[in-house]
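# An overview of the molecular structure
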2 protein chains.
Amino acid sequence: DLLQDIVAAFQPKLFKGRTVLVTAGPTFEAIDPVRGLTNRSSGKMGYAVARAAREAGARVVLVSGPTALPAPHGVQRVEVSSAQEMFDAVMTQVGAAQVFIATAAVADWRPAQVHAQKQKKREGEGAPTIALQANPDILAAVAALPQPPFCVGFAAESEKLAEHAAAKRVRKNVPLLVGNLGPDTFGRDDNRLELFDAAGHHPLGSGDKLVLARKLIEEIAARLERAGL
Amino acid sequence: DLLQDIVAAFQPKLFKGRTVLVTAGPTFEAIDPVRGLTNRSSGKMGYAVARAAREAGARVVLVSGPTALPAPHGVQRVEVSSAQEMFDAVMTQVGAAQVFIATAAVADWRPAQVHAQKQKKREGEGAPTIALQANPDILAAVAALPQPPFCVGFAAESEKLAEHAAAKRVRKNVPLLVGNLGPDTFGRDDNRLELFDAAGHHPLGSGDKLVLARKLIEEIAARLERAGL
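This text gives an overview of the structure that appears in the document. (Residues numbered from 1 in each chain as written. Chains lettered and ligands numbered in written order. Predicted model: local features only at pLDDT ≥ 70, side-chain atom pairs only at ≥ 80, totals over all residues. Heavy atoms only, no water.)

The second copy of the chain is related to the first by a rotation about an axis and a shift along the axis. Note on the identical chains: chain A maps onto chain B by a rotation of 180° and an axial translation of 0.0 Å, with an RMSD of 0.0 Å. Taken together, the turn and the small shift mark the pair as related by a two-fold rotation axis. When you check the interface residues of chain A against chain B, 100% turn up at the interface there too, and the contact is symmetric in its surfaces. (Least-squares fit on C-alpha atoms with pLDDT ≥ 70 in both. Contact = heavy atoms within 4.5 Å.)

Residues and elements named next belong to chain B. The buried fraction of strand S1 (residues 19–24) is high, at 6 of 6 residues. In this structure, S1 lies alongside strand S4 (residues 59–64), joined through 6 bridges in parallel fashion. The residue of S4 that forms the bridge with Ala24 is Ser64. Here S1 runs beside strand S6 (residues 99–102); their pairing, made up of 4 bridges, is parallel. Bridge pairing in S6 places Val20 opposite Val99. (Buried < 20%, exposed > 50% of the residue type's maximum accessible area, 1.4 Å probe, protein only. Helix = DSSP H or I, 4+ residues; strand = E, 2+ residues; numbered from the N terminus. Pairing = 2+ DSSP bridges.)

A separate point is the pairing of S4(B). All names here are of chain B. Of all 6 residues in S4, 5 are buried, a share of seventy percent or more. Pairing geometry for S4 and strand S5 (residues 76–79), over 4 bridges, is parallel. Note that in S5 the partner of Ser64 across the bridge is Glu79.

Moving on, we come to the interface of chain A and chain B. In this assembly, 36 residues from chain A lie in contact with 36 residues from chain B. For the chain A and chain B pair, buried surface summed over both sides reaches about 3,500 Å², with 56% attributable to carbon and sulfur atoms. Of all residues in chain A, Arg40(A), Trp109(A) and Lys121(A) bury the most surface against chain B, accounting for 18% of the area lost on that side. Viewed at the interface, chain B and chain A are joined by 2 salt bridges. Here Arg35(B) makes a salt bridge to Asp108(A), at a shortest N to O gap of 2.8 Å. For the pair chain A and chain B, the interface holds 11 residue pairs in polar contact (both at pLDDT 80 or more). (Buried area = accessible area lost by both parts, 1.4 Å probe. Salt bridge = Lys/Arg side-chain N within 4 Å of Asp/Glu carboxyl O. Polar contact = N/O pair within 3.5 Å; in protein donor to acceptor, adjacent residues only side chain to side chain.)

Following this line, the structure appears as structure tokens:
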């Protein structure tokens, strides 16, 4: 809307001429036509990142799992449901992107079997189990491309943030990883973020997700400049 | 808002002096602090039923799983997440209700074990399985109370609607069950409903969920009057 345009006009145009690909939201992994596995991600952090990148002058493609959020103004949204669909959409879009920011809370696993019809509760039968299989690792796959964009991961952890996030950055082979304490912040408008890179880690700050997203965009722009990208 | 008040003023006051308890939305069954099992229910049908009952003059208590919907005007909403929480809230509220309308898509099962911390993917380990256990059956429990309210169930089926819905009505021991073809209608504003009672079944109609909800309230009011309740 108009207000978003005015606010955007005052943001520094750090990303002019660049394409930024952002993933956001949860994924929904179907068990049958009705049920599925999901997670508590609201998508708010990723939508704030997409908006901040757009304010900074980028062309922004937002690949989003199911959320109730409206697409940020001027952002091209691709709506997906499962991790596999998100993987496919990212791989279609990533060739045009210089920056990839993976904020989505992608399910690590999906049900090994998807039932075509709703599974019924039956008298006298014991409780079922759900066998799982691994989903594709979207961030690691993008980082492993021959000419990858600058990759930024997110880690939502419920404990031992520094240890898990630093390990995740190395395992995914990405230059920058953003850690947040998920269960405290899912669905909320504010957040507390910590940046992990090859030099160590330092806090990005806490507060409103859009304010933090703008700081993150500044950090990424500075890194692109230092790397001559 | 004002428009809802004006529209409500023109609806017949079939439920004046009655309390109607409605459940709506999906449930979310936690696996760990981040992940869970859920289903595709948007809550729209249940919220329309709550609004229609309120328009008809009832005091309405709406026990709702996680949705993005605003509470209908004049309706008392109790927000819950899991099936067990929904069961507890219903049992707390049901004593004051003459009518219970169970539209919620309650998970039949929940993970047998809830992990206090986010479960990590580990190198070299096979994919996990999720063992399930049965949730309480809210509708059957209310129908089995010594002095139950007039109970109305909903059945969302992906196939063989008539067969499954008629069997569900008898199994749950409720006088009225509303069948809808779930996967076609989840998240949409319109719906197609079929009523099942001791006499058989007949279509309630198809179209906007609020229009259908008003028809359902009329059907329930007529049954209460015939039964001298």
